[in-house]
Amino acid sequence: MIMLTRSITALYIDDTSVRILVSSRKQVSKCIYLELEPGLVRGSVVIREQEVADKIKQLLKMENVKPGKVVLGLSGLHCLTRPILFPQLPKAMIAEAVMREAKRVLPVPLEQLYLSWQVVPAPRGKTQVFVVGVPCRTLDSLMRTVRLAGLKPAAMGLKPLV
C-alpha cells in the first residue's frame, strides 16, 4: 500500500477523457479533466498511444504538476473478476489450483489475460481467492502510453474496485 504522506498523482484514461487527481497528505490538491477526441481510445485500449501520451504531458505541464508516485486507474469494464471457493488447501497448492480453476471458469484464454489473485476470508475448512483477469491488450497499451508520457507507475487499481 502507498502511504499518503507525499504527493501522489492518480491517472485514469477512458474512451472519452484523461483524468488526473493530485493529492498530498490525504488532501486533494488538483483535479484535472481533459476530453479526448473520438478514436484515441476505444474499448479501454489506447489506440493512438503517442497522441494520448503527448496530451498527458501537455496537461501536466499546463497545470504545473510534477508527478511523484503515479497510481493508474484501469477500467474494470473489460476485466474479469471471480471469487473461487476451494476445499481447504495448503499454501503450496493454492497457486496451481487457482490457475487450473481460472482456466476452467474464465470465458477468455488465460494467454490473453494478466491474472492476479488474492486469498480472502473463507468459511471454516475452505480456501477462497478473488481472481482478477485484465486483458493484456488493454494493460499493455496503457503501460506504453504512460511510459511515453514519462511517467513511472507505482501502483494500479481497477476503477470499480478502488
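Okay, so let's go over this structure.

About the cut-offs
Residues numbered from 1 in each chain as written. Predicted model: local features only at pLDDT ≥ 70, side-chain atom pairs only at ≥ 80, totals over all residues. Heavy atoms only, no water. Helix = DSSP H or I, 4+ residues; strand = E, 2+ residues; numbered from the N terminus. Buried < 20%, exposed > 50% of the residue type's maximum accessible area, 1.4 Å probe, protein only. Expected span 1.5 Å × (residues − 1). Contact = heavy atoms within 4.5 Å. Salt bridge = Lys/Arg side-chain N within 4 Å of Asp/Glu carboxyl O.

### Considering unusual backbone geometry
At Arg25, a residue that is not glycine, the phi angle is positive and equals roughly 50°. The residue Arg25 is located in the loop between strand S2 (17-24) and strand S3 (27-35) in this model. Arg25 gets classed as exposed once you look at its relative accessible area, which sits at 61%. For Lys26, which is not a glycine, the phi torsion comes out positive at approximately 65°.

### A short note on helix H1 (residues 49-62)
Over its 14 residues, H1 extends 20 Å from the first C-alpha to the last, a length consistent with the 20 Å expected when each residue adds 1.5 Å. Contact partners of the buried residues in H1: strand S1 (8-13), S2, S3, strand S4 (41-42), strand S5 (45-46) and helix H3 (136-148). Of the residues one or two after H1, Asn64 is the one with positive phi, at around 55°.

### Points about the pattern of salt bridges
Taken as a whole and assessed by the stated rule, the structure comprises seven salt bridges. Taking the shortest distance from any N to any O, the salt bridge between Arg48 and Glu51 comes out at 2.7 Å. Between Arg104 and Glu101 there is a salt bridge, with its nearest N and O atoms 2.6 Å apart. Note that Arg104 and Glu101 are positioned in helix H2 (residues 91-105) at a spacing of three residues, about one turn of the helix. In this structure Arg104 comes out as exposed when scored by relative accessible area, which is 61%.

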